[in-house]
Amino acid sequence: MNDIYQYERSELAQVRAQLLHLFFIVGIFSFLVNLLLLTGPLYMLHIYDRVLPSGAVQTLVALSLMACTEDLEVQTQQYLNRAMLIRALGMQSTTLTRQHRLQHAVQIAQLRASDIAGLFTTIIRTLRMAMQSAMLGLGAWLVLQEQLSAGGMIATSILFGRLLNPLEVLIGSWIVPQRALLGWARLRGQLSQMPARHRPLALPRPAAQLTMQKATIVPPGGQIATLKLASFSVQAGSACGIIGAAGSGKSTLALAAMGVLPLANGTVQLGGTALAAYDTDNLGQYIGYLPQEMQLLPGTVAENITRYQAEASQERLFAAARNAGAFDMITQLPQGFDTDVRQLSGGQAQRIGLARALFGDPVLLVLDEPNSNLDNEGVAALNAAVRRFKRKGNTVLIIAHRPAAIQECDTIMVMESGQITAFGPKEDILRKMVKNHADISIPPAGGSAPHGV
């Protein structure tokens, strides 16, 4: 099965490997330019506010190092989160289609600009040559009339011929960056082309039972497993809460359950079928995912909920919004479902993310800290959505630090250092871990929830 997903190295791929250092150099310069654009104002503010009044060289050095490292970490994490989100939701094809459409529009605009620049360059060059010929003819006539020497004729012809040369060079230089960008894009596209891989057959909708057997995950380039021999089974129509300290492996287990992270050992099955047997997009339509770091993709509310599926019907869009309890909230937005996601608050984005996770009626719903940005009304809507999802016979995994998120859970899993240390009915696990287990197990009145496990 792994051989199916392996790309064969082509001649273009070998050339790309040989030129990898050039890509690295370009990346360094691009990083430095963006770093200066992003951190310049803040860096200058700290210089004026902290360094100059104190006269401390140590402060200047520390600020410089912080400015250089913080942006790199934030930008890298954002790209990784967005990539994992797109893969988990099965949005690779639709995202690539949208990206290709935008790239095509940009290329058309660049070609049009290149044609216009070429037209002006031709006009200026023709005019320069015509003026040079005219000046040469006029100079010859003046020489014949003994009003100008032969040397003066040549000098005047050269001076007038070069009169428009700076303008010609200026217009001609516009096309150079455009051609360079287009050439680089074509070269990158050719070097990135690989033989088409074999796509597995689209499997039917699986049952909702999630089973993991001795699953182990080792990060690429690492030697220490972040998930160690994890084994459990969650029955259809139930919800499992995953709790544990920060860095205990909760999110890693959730990503493994969705088939996002490759396994070093073990298997993950959904409805008795290994996740490796599914194509990525095929599997993604059966899984709903709400990440801890809320990531809405560029576009409108409707585009985010439908996962960029242009052919998605309004009925499926409205059903996902209603199942998430967000339909009324969306219709009250300035442009409703056509509202740009950049206008949303953190709580609104969280509920849109839940609607996106529920789009298409998935069989497995994975919620990572789903109530981190929600108010009491949002928490109530979340719990109601989980109840409806379970009633359909589906499965829910909820990663939580706050008790309000595990109100609807039937079982609890405790993670510690990448291992499952406890797994069983919610009441039994909570009775062993906390004193106020009764308050956590019983849904609070009025939609509010206690804080702290």
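Here the structure is a predicted model, which is why all the values come from computation and not from measurement.

A. View of the packing of helix α12 (residues 346-358) against helix α13 (residues 376-391). At a minimum axis distance of 11 Å, the contact between α12 and α13 shows a crossing angle of 10°. By the angle class used here, α12 and α13 are roughly parallel. On the side of α12, the interface is formed by Arg351, Leu354 and Leu358, while α13 contributes Glu377, Gly378, Ala381, Leu382, Ala385 and Phe389. In terms of residue class, the contact of α12 with α13 is built from six nonpolar, one polar and two charged.

B. The arrangement of the sheet that holds strand β9 (residues 411-416) in detail. Ordered by their spatial adjacency, six strands build an open sheet running β6-β7-β8-β3-β9-β10, and the pairing between neighbours is mixed. On the outer flanks of this sheet lie β6 (287-290) and β10 (419-425), each paired with one strand and no other. In this sheet, neighbouring strand axes are inclined to one another by 15° on average, regardless of whether the strands run parallel or antiparallel. Bridging between strand β3 (residues 239-244) and strand β8 (residues 395-399) involves four bridges; their strand directions are parallel. Considered in β8, the bridge of Ile242 is made with Ile399. Running over the sheet, α12 touches β6 and β7 (364-368) and is turned about 165° from β6.

C. Quick look at the nonpolar core. If you look at the biggest cluster of nonpolar residues, it comprises 45 residues, and the most contacted ones within it are Val301, Ile305, Ile330, Phe337 and Leu367. The element that contributes the greatest number of residues to this core is α12, accounting for six residues. In terms of nonpolar packing, the next biggest core, distinct from the first, is built from 40 residues, Met91, Leu275, Ile287 and Val366 among them.

D. Just helix α10 (residues 314-323), in detail. Every buried residue of α10 is listed here: Leu317, Ala320 and Ala321. Within α10, the buried residues cover an arc of 100° as seen down the axis, which keeps them to one side. Trailing α10 by a residue or two, Gly325 shows a phi angle of about 65°, which is positive.

E. Inspection of empty space enclosed by the protein at higher detail. One pass over the full model with this rule turns up one cavity of 30 Å³ or more. If you add up the space inside the largest cavity, you get close to 40 Å³. In this structure, the largest cavity is lined by Leu290, Ala324, Gln350, Arg351, Leu354, Pro370, Leu374, Gly378 and Leu382. At the level of secondary structure, the elements contributing two or more residues to the lining of the largest cavity comprise α12 and α13. Ranked by residues supplied to the lining of the largest cavity, first place goes to α12 with three residues. When grouped by side-chain class, the residues that make up the lining of the largest cavity number six nonpolar, two polar and one charged.

F. Up close: the pairing of strand β1 (residues 210-217). Among the eight residues that make up β1, six are buried, leaving the element largely enclosed by the rest of the structure. In the sheet, β1 pairs with strand β2 (residues 227-234) via five bridges, with the strands oriented antiparallel. The residue of β2 that forms the bridge with Ile217 is Leu227. Alignment of β1 against strand β4 (residues 265-270), held across five bridges, turns out to be antiparallel. In the strand pairing of β4, Gln213 is matched with Thr267.

G. View of unusual backbone geometry. The phi dihedral of Asp361 is positive, around 55°, even though this residue is not glycine. Look at Asp361 and you get partly exposed, because its relative accessible area is 35%. Within the chain, Ser417 stands out as a residue other than glycine whose phi angle is a positive 55°. Note on placement: Ser417 falls in the loop between β9 and β10. With relative accessibility at 48%, the residue Ser417 sits in the partly exposed group.

H. Expanded view of the sheet that holds β2. In space, the four strands of this open sheet follow the order β2-β1-β4-β5, with antiparallel pairing throughout. Lying at the two open borders of the sheet, with one neighbouring strand each, are β2 and β5 (273-274).

I. View of the confidence of the model for the protein chain. On average, residues of the protein chain carry a pLDDT of 76, and 74% of them reach 70 or more. Taking the mean pLDDT of every element in the protein chain, the minimum, 50, falls on helix α15 (residues 437-441) and the maximum, 90, on helix α11 (residues 327-331). Here residues 1-9 is a poorly scored stretch, pLDDT under 50, and it has 16 contacts once near neighbours within four places are set aside; other chains count. For the stretch residues 442-453, pLDDT sits under 50, and the model shows 17 contacts to residues farther than four places along the chain or on other chains.

J. The pattern of salt bridges, seen in detail. Evaluated as defined, the whole model comprises six salt bridges. Taking the shortest distance from any N to any O, the salt bridge between Arg342 and Asp340 comes out at 3.1 Å. A relative accessible area of 21% means that Asp340 is categorised as partly exposed. Between Asp410 and Lys390 there is a salt bridge; the shortest N-O distance is 3.3 Å. With Asp410 in the loop between β8 and β9 and Lys390 in helix α13, this pair connects stretches of sequence that are 20 residues apart. Judged by relative accessible area, which is 34%, Asp410 ranks as partly exposed.

What counts and what doesn't
Residues numbered from 1 in each chain as written. Predicted model: local features only at pLDDT ≥ 70, side-chain atom pairs only at ≥ 80, totals over all residues. Heavy atoms only, no water. Axes fitted to C-alpha atoms, helices over the stretch in contact; angles between N-to-C directions. Helix = DSSP H or I, 4+ residues; strand = E, 2+ residues; numbered from the N terminus. Parallel < 35°, antiparallel > 145°, perpendicular 65-115°, else oblique. Contact = heavy atoms within 4.5 Å. Nonpolar A, V, L, I, M, F, W, Y, C, P; charged D, E, K, R; others polar. Pairing = 2+ DSSP bridges. Core = buried A, V, L, I, M, F, W, Y, C linked by side-chain atoms within 4.5 Å. Buried < 20%, exposed > 50% of the residue type's maximum accessible area, 1.4 Å probe, protein only. Arc of directions from axis to C-beta. 1 Å grid on protein atoms, 1.4 Å probe; cavity = no way out; pocket = protein on both sides within 12 Å on 5 of 7 lines; lining within 4 Å. Points joined across faces, edges and corners; volume = space filled by probe spheres on them. pLDDT = per-residue confidence, 0-100. Salt bridge = Lys/Arg side-chain N within 4 Å of Asp/Glu carboxyl O.

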